[in-house]
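Descriptive structure summary
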Amino acid sequence: MKVRKKGKEIIRPKGIEIREYLNDGWGICNNCGALMDEEIRNRIGVFTCPACGWECDVMDYEYEEEDTMELVQDERGDEYLIPRDDMPPAGCRACGGPYPHCKTSCKMYDD
C-alpha cells in the first residue's frame, strides 16, 4: 500500500518521471496529474488524489497520458525526445541513427 505521509508535498510528475512512477506502481490522477495515495477499503484497493480528491478503484485505474513525446536512444545510448506520431520505422530503429534528424542524409529516404 502506497500512502504519502501527512504534510508531504503534492507531486505532479512530468515527462519520463511519469513512466518511472507508473512502473513503480503509483497511480497518477487523471484530473490534476498528482501522485495518488493507495488504500484498502472493504477489501478493495482505492486510489485517492490528495490534491483534488478524485478516487477510483485500483482495478479500474487507467492513466490517460497526454505526453506526445517518446524517449528514444541513438547508437551511442544518448536519450532524446521525438514526437510520438513520428516514431522511427523498424529499419531506422535497427540502424540507431539520430532519427528523425538523419532523414536528410539517409539513402532510405531518397526519392
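Residues numbered from 1 in each chain as written. Predicted model: local features only at pLDDT ≥ 70, side-chain atom pairs only at ≥ 80, totals over all residues. Heavy atoms only, no water.

**A closer look at the confidence of the model for the protein chain**
- Here the protein chain averages 75 in pLDDT, while 63% of its residues score no lower than 70.
- Here strand β6 (residues 79–83) stands out as the element of the protein chain with the lowest mean pLDDT, 63, in contrast to strand β3 (residues 44–48), whose mean of 90 is the highest. (pLDDT = per-residue confidence, 0-100. Helix = DSSP H or I, 4+ residues; strand = E, 2+ residues; numbered from the N terminus.)

**Section: the sheet that holds β3**
- Read from one edge to the other, the open sheet built from 4 strands follows the order β1-β2-β3-β4, with strand pairing classed as antiparallel. At either margin of the open sheet sits one strand with a lone partner, and together these are β1 (27–28) and β4 (55–57).
- Sheet topology places strand β2 (residues 35–41) next to β3; 5 bridges connect them, and they run antiparallel. Opposite R41, over in β3, you have I44 as the bridge partner. (Pairing = 2+ DSSP bridges.)

**Focus: the pattern of salt bridges**
- One pass over the structure, following the stated rule, counts 2 salt bridges.
- The shortest N-O distance in the salt bridge between E39 and R41 comes to 3.3 Å.
- On the basis of relative accessibility, which here comes to 31%, the residue R41 falls in the partly exposed class.
- Here E55 makes a salt bridge to R41, at a shortest N to O gap of 2.8 Å. Highlighted residues: E55 in strand β4 and R41 in strand β2, separated in sequence by 14 residues.
- Linked by salt bridges that have partners in common, E39, R41 and E55 make up one network. (Salt bridge = Lys/Arg side-chain N within 4 Å of Asp/Glu carboxyl O. Buried < 20%, exposed > 50% of the residue type's maximum accessible area, 1.4 Å probe, protein only.)

**Examining the pairing of β3**
- When you tally the buried positions in β3, you get 4 out of 5 residues, the bulk of the element.
- Here β2 folds back onto β3, and the loop between the two strands holds 2 residues, one of which, N42, carries a positive phi near 50 degrees.
- By the bridge criterion, 3 bridges tie β3 to β4 in an arrangement that is antiparallel. Within β4, the position partnered with F47 by the bridge is C56.
- Taking the residues between adjacent antiparallel strands as the criterion, β3 and β4 are bridged by 6 residues, where G53 takes a positive phi near 85 degrees.

**Description of the environment of F47**
- Tracing the backbone through its elements, the reader meets F47 in strand β3.
- In this structure the C-alpha to C-alpha distance between F47 and C29, which are 18 residues apart in sequence, comes to 8.5 Å.
- Other than its neighbours up to four places away in sequence, F47 contacts G25, W26, G27, M36, D37, E38, W54, E55, C56, V58 and Y61. (Contact = heavy atoms within 4.5 Å.)

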